Amino acid sequence: MTSQTFGQTFQIGRSLLLFALAIFSTIFAIGCGGGEHRGPGDQHSVMDQIAVESKPNNNAGLSSERWLEGVVYERVEGMNLDNLDTFFVEHRTEKIERFNCSECHSEPLSAMKSPDTGKVRAHWEVELHHASADVMNCQTCHSADAMDSVQLIGGHRLSLNQSYRLCAQCHSTQAADWVGGAHGKRRGGWAPPRVVANCASCHNPHDPGFPTRFPAQVSRVD
Amino acid sequence: MDRKNKKEETLFPILGNGGGCGCGDEFEVNKSGYELFFERKLDRRSALGSIAGGLMAGLGLLNAACSPFGDTEKAELQWDDYFKKNFRLMSDREKEETVSRLERLYERNNRGSVNIAATDSQEGVLYGYAFNISKCKGYMDCVNACVSENNQDRKSGMKYIQIHELENGRLNFHGAETDFYHEVPAAGHFYVGTQCFQCENPPCVDVCPVKATWKEKDGIVVVDYDWCIGCRYCEAACPYHARRFNWSEPVVPEEELNRNQHYLGNRPRKKGVVEKCTFCIQRSREGRNPACVEACPTGARIFGNLLDPESPIRWVLANKKVFRLKEDLGTEPKFWYFMD
């Protein structure tokens with residue numbers, strides 16, 4: 001092999017190498033550039049992205065106030081948890097048909113129930129299907145001499161708007177989920193303020209389970 | 001014909017009649033305007049563009065001429081609407097013009113009016129969804145709410161949400177019943193709802209040949225219905241069967257129409273385009289919950305901003321055992337399932 005042909009071979013080899021490098025870097029650039037929807041700085045998983053991009057109390061200035069028209073609510077109290085400043089609960093008293101109870105219950109229950117008046121039982125629609133009779137009766141939650149409020153097991157009286165504290169005595173898991181956000185119904189929208197339904201807004205306290213019924217639709221999707 | 005073939009690229013080779021039809025013989029005798037136009041050097045793209053433009057102009061003129069009232073406003077609106085850009089390429093002003101033109105067109109074509117928004121994604125917001133499979137009872141109030149909120153075709157009974165009835169202890173969709181109508185919840189069964197999961201890495205977006213579908217900055221995957229060509233690649237690419245196709249002209253009775261609309265959301269679609277759940281973009285970008293979340297009577301559906309550490313959805317992700325469907329595909333759905 002003459003030196004001239006060697007030089008030519010070397011040049012060809014070098015240009016081939018450069019060519020291969022160019023192809024490789026193009027493939028690399030395309031491969032690592034990813035799809036168009038993946039912007040620069042995006043993380044591999046959405047959880048990583050959330051961890052990096054989270055900012056407290058930043059909801060783009062959006063508010064649910066507009067969607068809370070007609071909803072009466074108050075601050076959640078007595079749940080011994082730390083997010084209570086921004087956590088509100090829907091009122092119940094405005095929604096109960098025959099409130100205040102004291103409008104009828106003007107005298108002690110024993111007097112109203114006496115055989116002399118001929119009234120033995122009212123509230124026929126109320127039947128207790130909540131725990132067993134060993135655990136609960138009317139007096140577990142209602143006090144005969146303070147009908148406008150409910151009472152805790154220790155005797156402390158609460159407004160019906162705070163009945164979530166009554167339920168939380170036994171249903172502590174549900175209460176923790178409710179405060180956190182895994183249980184319950186949000187009122188308004190997803191943006192703050194966070195207003196949720198009271199326990200008794202969805203559950204009938206005398207029969208708290210959800211009934212079976214026919215679905216609103218046939219689920220079929222073609 | 002030889003001298004003709006020597007020309008670099010005229011319109012005629014594109015039209016495919018450069019060969020022996022003999023119709024080009026009178027050319028180059030006198031250069032009229034017509035000839036100058038047709039002998040321009042054209043690339044393929046602008047040639048096709050001028051053919052389409054000419055065709056549309058002809059049709060438009062024909063339409064205007066045959067209309068008994070000479071409805072030029074409507075013709076102009078339709079013309080402008082036909083030649084509008086892809087939504088992502090529009091400036092804010094063009095977006096405004098486009099939606100007001102659509103509103104005006106709706107008024108012209110129907111009795112009522114609609115309100116179409118073009119609200120952009122907001123900074124610091126990434127939408128996420130959680131579904132409690134212990135709470136869902138299969139009542140399907142969500143499906144009804146979705147259909148009426150999103151103006152889905154009533155004729156074909158299109159639904160974005162599918163509720164699957166599964167046997168207790170077996171989280172396997174192969175044995176799931178999706179065509180049930182009996183009292184719910186059925187003993188020994190639980191219910192799992194599926195819809196578009198707004199993947200962070202959406203395969204449907206990658207396959208679209210015309211860029212008619214994309215992921216917005218707030219994580220919602222949307223479709224520009226006027227840019228979709230109906231090839232249905234996205235429908236095939238979706239591993240969750242979340243996309244729906246309009247096989248016929250969608251029918252929504254005027255009195256049932258939701259008039260609060262978004263350009264990328266529930267505005268009326270047409271035959272031959274793909275649509276899907278958008279987390280009710282017309283609602284969520286206003287701070288509201290999607291219609292399914294609001295309608296759920298059991299509180300099984302939770303929606304919120306994933307970038308707000310105080311939001312209930314973040315509490316669910318941090319405190320519950322959550323999972324997503326087909327996680328191994330790497331699609332990164334922003335839709336988690338959990339149980340109590």
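Residues numbered from 1 in each chain as written. Chains lettered and ligands numbered in written order. Predicted model: local features only at pLDDT ≥ 70, side-chain atom pairs only at ≥ 80, totals over all residues.

Participant: What should I look at first to understand the overall build of chain B in this one?
Facilitator: Along chain B, the regular secondary structure elements total 12 helices and 12 strands. Per-residue burial for chain B yields a buried fraction of 39% across its 340 residues. Taking the contacts inside chain B whose residues are at least 6 apart along the sequence as the reference set, 62% of them involve residues at least 24 apart. (Helix = DSSP H or I, 4+ residues; strand = E, 2+ residues; numbered from the N terminus. Buried ≥ 20, exposed ≤ 12 C-beta atoms within 10 Å, placed from the backbone. Contact = placed C-beta atoms within 7 Å.)

Participant: Hey, could you run me through the interface of chain A and chain B in this one?
Facilitator: Where interface size is quoted, it is often the accessible area lost as the parts come together. Counting from both sides, the interface comprises 41 residues of chain A and, opposite them, 51 residues of chain B. Per-element accounting of the side of chain A that touches chain B gives the leading share, 3 residues, to helix 2 (residues 46-53) of chain A. Classifying every residue of the side of chain A that touches chain B by side-chain character gives 16 nonpolar, 19 polar and 6 charged. (Nonpolar A, V, L, I, M, F, W, Y, C, P; charged D, E, K, R; others polar.)

Participant: What is the right way to look at the environment of A236 of chain B in this model?
Facilitator: The residue A236 of chain B is located in helix 9 (residues 233-237) in this model. With 29 residues separating them along the chain, A236 of chain B and V207 of chain B place their C-alpha atoms 9.3 Å apart.

Participant: Mind showing me how you'd approach the environment of R285 of chain B here?
Facilitator: Note on placement: R285 of chain B falls in the loop between helix 10 (281-284) and helix 11 (291-295). In sequence terms R285 of chain B and D120 of chain B are 165 residues apart; their C-alpha atoms lie 7.9 Å from each other.

Participant: When you look at unusual backbone geometry in this model, what are you seeing that I'm missing?
Facilitator: It is generally the case that most residues other than glycine have a negative phi and that most peptide bonds are trans. For the bond from F99 of chain A to N100 of chain A, the omega torsion is 0°, close enough to zero to count as cis. Secondary-structure assignment places N100 of chain A in the loop between strand 2 (87-90) and helix 3 (109-112). We note that H241 of chain B has phi near 50°; this positive angle belongs to a residue other than glycine. Note that H241 of chain B resides in the loop between helix 9 and strand 7 (244-245). With 12 C-beta atoms counted inside 10 Å, the residue H241 of chain B sits in the exposed group.

Participant: I tried to follow helix 6 (residues 92-109) of chain B on my own but got confused; where do I start?
Facilitator: End to end, helix 6 of chain B covers 26 Å across 18 residues, agreeing with the expected 26 Å (1.5 Å per residue, within 8%). Taken together, the buried residues of helix 6 of chain B touch helix 5 (72-82) and strand 1 (115-117) of chain B. (Expected span 1.5 Å × (residues − 1).)

Participant: For this particular structure, what's the right way to read the sheet that holds strand 5 (residues 186-187) of chain A?
Facilitator: Sheets are built from strands that pair by backbone hydrogen bonding, the pairs being arranged parallel or antiparallel. The strand order across the open sheet built from 4 strands is 1-2-6-5 (chain A), with neighbouring strands paired in mixed fashion. Single-partner strands in this sheet number two, and they are strand 1 (73-75) and strand 5 of chain A. (Pairing = 2+ DSSP bridges.)

Participant: What is the right way to look at the sheet that holds strand 12 (residues 335-338) of chain B in this model?
Facilitator: All names here are of chain B. On the basis of which strands lie adjacent, the open sheet formed by 4 strands has the order 10-2-12-11 and mixed pairing. Both edges of this open sheet fall to strand 10 (301-305) and strand 11 (322-323), since each of them pairs with a single strand only. Where strand 2 (residues 127-132) and strand 10 come together, 5 bridges link them in antiparallel fashion. Paired with Y129 across the bridge in strand 10 is F303. Seen against the sheet, helix 12 (residues 312-319) touches strand 2, strand 10, strand 11 and strand 12 and runs at an angle of roughly 110° to strand 10. (Axes fitted to C-alpha atoms, helices over the stretch in contact; angles between N-to-C directions.)

Participant: What's the story with the confidence of the model for chain B in this structure? I'm lost.
Facilitator: Caution applies to low-pLDDT parts of the model: their predicted coordinates are not meant to be read in detail. All names here are of chain B. Confidence along chain B averages 87 in pLDDT terms, with 83% of residues attaining 70 or more. Here residues 1-28 scores under 50 on pLDDT; set against residues more than four positions off or in separate chains, the count is 19 contacts. Per the prediction output, this complex has pTM 0.79; the corresponding ipTM is 0.78. (pLDDT = per-residue confidence, 0-100.)

Participant: Sorry, what's going on with the packing of helix 5 of chain B against helix 6 of chain B here?
Facilitator: Residue and element names in this part refer to chain B. For the pair helix 5 and helix 6, the least separation of the axes is 10 Å and the interaxial angle reads 140°. The pairing of helix 5 with helix 6 is recorded here as oblique in orientation. For the element pair helix 5 and helix 6, the recorded crossing hand is left-handed. Contacts from K74, L77, D80 and D81 in helix 5 reach R101, L102, R104, L105 and R108 in helix 6. In terms of residue class, the contact of helix 5 with helix 6 is built from 3 nonpolar, no polar and 6 charged. (Parallel < 35°, antiparallel > 145°, perpendicular 65-115°, else oblique. Left-handed = near helix turned anticlockwise from the far one by under 90°.)

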